[in-house]
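Structural characterization, general
The residues making up each chain are set out below.
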Amino acid sequence: SALVSTVFLHWVTCCLGVTLGYHRLLTHGSLVVSRPLKYFFSLCGMLSAEGSPLFWVATHRKHHVLSDQEGDPHSPNDGFWWSHMLWFKPKDAPGEVDALCQRWAPDMYKDPVQRLFHSYFILAPIGLGAALYATGEYFFGLGLSWMLWGLCLRMVAAYHSTWFVNSATHIWGYRNYETTDRSRNLWWVAILSYGEGWHNNHHAHQRLARHGHKWWEIDITYMVIWTLKKLGLAKQVQDRLPQS
């Protein structure tokens, strides 16, 4: 039961929260959804504990503008481990984080709900941990197991599946497009990250909701977006592939 909760929550936090919500919806505007649904995806992303939506979006937009150049938050030019995880370690002063958000995500900074999420986002994973313990204990007598699997192990797996996009897909893989950065397409990262591993495709056409551009480039996140589109829950979906 703990394993099932872990797999389900990995999909909720990584696919719905980070790759669909934080990345394709909030960062790049690849689709338009209702305000309640936008906040729902934001909350899913907060459960990943990868930072608030405001901080994540600001950091990622800065990465795209300065990709593999001076000032890129997580370029492999500074070493694999820096791009993979060490970049996440430095503790910025509150004023620096605030300046980052205002500079790179001014649209979201104007939203009082997103600023509220930014201020209290850490309560989301803490609350999830408490809920997992209570649920696992009440129904199965496995509260600690549910918390260790559904929160701790799932968070570690989610971190690395996201961080491999920053590191591995700027080092290994193939390129469909000639871009000014080192972005690559890497199949195993695409599997781990619900389609984000087709990174060269994304850097070449950043606003596209569909990251897999070849028939074999499976993109699970786009499948979710396609379903939302068919249900009328997502509009203005940017999914027209470039003509070869």
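Structure first, text after, so check above.
Below is a short write-up of the structure.

1. Let's talk about the environment of K110
Mapped onto the elements, K110 comes out in the loop between α6 (106-109) and α7 (112-120). On the basis of relative accessible area, K110 is assigned to the exposed category, the value being 68%. Counting along the chain gives 108 residues from K110 to A2, while the straight-line C-alpha distance between them is 39 Å.

2. Quick look at the packing of aromatic side chains
Per the stated rule, a full pass over the model turns up 14 aromatic pairs. Aromatic side chains F8 and W11 sit 6.2 Å apart centroid to centroid with 40 degrees between the ring planes, which places their arrangement in the tilted category. Placement of the pair is F8 and W11 together in helix α1 (residues 2-27), with a separation of 3 residues, close to one helical turn. Taking the relative accessible area as the measure of exposure, W11 reaches 30% and is therefore partly exposed.

3. With respect to the nonpolar core
Among soluble globular proteins, nonpolar side chains are generally buried collectively. The biggest cluster of nonpolar side chains holds 51 residues, and the ones touching the most others in it are L20, L31, F41 and I225. Of all the secondary structure elements, the ones that give two or more residues to this core are α1, α2 (35-46), α3 (53-65), α5 (94-104), α8 (123-140), α9 (143-166) and α12 (220-230). At 11 residues, α1 tops the list of elements feeding residues into this core. If sequence neighbours within four positions are ignored, L31 has contacts with R24, L25, I225, A234, K235, Q236 and V237.

4. Observations concerning a nonpolar patch on the surface
Among the surface-exposed residues, L3, V7, Y133, L144, L148, W149 and L153 lie close enough to one another that they form a single nonpolar patch of about 660 Å² accessible area. Elements that contribute at least two residues to the nonpolar patch include exactly α1 and α9. Here the nonpolar patch takes 4 residues from α9, the largest share from any one element. For L3, the position within the fold is in helix α1.

5. A short note on the packing of α1 against α3
Two elements in contact, α1 and α3, have axes separated by 10 Å at closest approach and are oriented at 65 degrees. For the crossing formed where α1 meets α3, the hand is right-handed. Across the interface between the two elements, V18, Y22, H23, L26 and T27 from α1 touch P53, W56, V57, H60, R61 and H64 from α3. For the contact of α1 with α3, the class distribution of residues is 6 nonpolar, 4 polar and 1 charged.

6. Let's talk about the side chain of D72
If you trace the backbone, D72 turns up in the loop between α3 and α4 (80-84). Of the side chains bearing the opposite charge, K62 lies closest to the buried D72, which forms no salt bridge; the N-O distance is 8.3 Å. Within the structure, D72 has its side chain in polar contact with the side chain of H63 (distance 3.0 Å). A distance of 3.1 Å separates a polar side-chain atom of D72 from the backbone nitrogen of H74. Ignoring any residue separated from it by four or fewer positions in sequence, one finds D72 in contact with H63, L66 and S67.

7. Focus on empty space enclosed by the protein
The full count for this structure, using the stated rule, is 1 cavity of 30 Å³ or more. Put simply, the largest cavity is a space of about 260 Å³. For the largest cavity, the lining is made up of 20 residues, of which E50, W56, H60, T162 and N166 are closest to its centre. Put simply, the parts of the chain that give the lining of the largest cavity at least two residues each are α1, α3 and α9. When residues of the lining of the largest cavity are assigned to their parent elements, the largest contribution, 5 residues, is made by α9. Each residue belonging to the lining of the largest cavity can be placed in one class, and the counts come to 8 nonpolar, 10 polar and 2 charged.

What counts and how
- Residues numbered from 1 in each chain as written.
- Predicted model: local features only at pLDDT ≥ 70, side-chain atom pairs only at ≥ 80, totals over all residues.
- Heavy atoms only, no water.
- Helix = DSSP H or I, 4+ residues; strand = E, 2+ residues; numbered from the N terminus.
- Buried < 20%, exposed > 50% of the residue type's maximum accessible area, 1.4 Å probe, protein only.
- Phe/Tyr/Trp six-rings, centres within 6.5 Å; stacked < 30°, edge-to-face > 60°.
- Core = buried A, V, L, I, M, F, W, Y, C linked by side-chain atoms within 4.5 Å.
- Contact = heavy atoms within 4.5 Å.
- Patch = residues over 30% accessible without salt bridge, like charges linked within 9 Å, V, L, I, M, F, W, Y side chains within 5 Å.
- Areas by Shrake-Rupley, 256 points an atom, 1.4 Å probe, with all protein chains shown as cover.
- Salt bridge = Lys/Arg side-chain N within 4 Å of Asp/Glu carboxyl O.
- Axes fitted to C-alpha atoms, helices over the stretch in contact; angles between N-to-C directions.
- Left-handed = near helix turned anticlockwise from the far one by under 90°.
- Nonpolar A, V, L, I, M, F, W, Y, C, P; charged D, E, K, R; others polar.
- Lys, Arg positive; Asp, Glu negative; His and termini not counted.
- Polar contact = N/O pair within 3.5 Å; in protein donor to acceptor, adjacent residues only side chain to side chain.
- 1 Å grid on protein atoms, 1.4 Å probe; cavity = no way out; pocket = protein on both sides within 12 Å on 5 of 7 lines; lining within 4 Å.
- Points joined across faces, edges and corners; volume = space filled by probe spheres on them.

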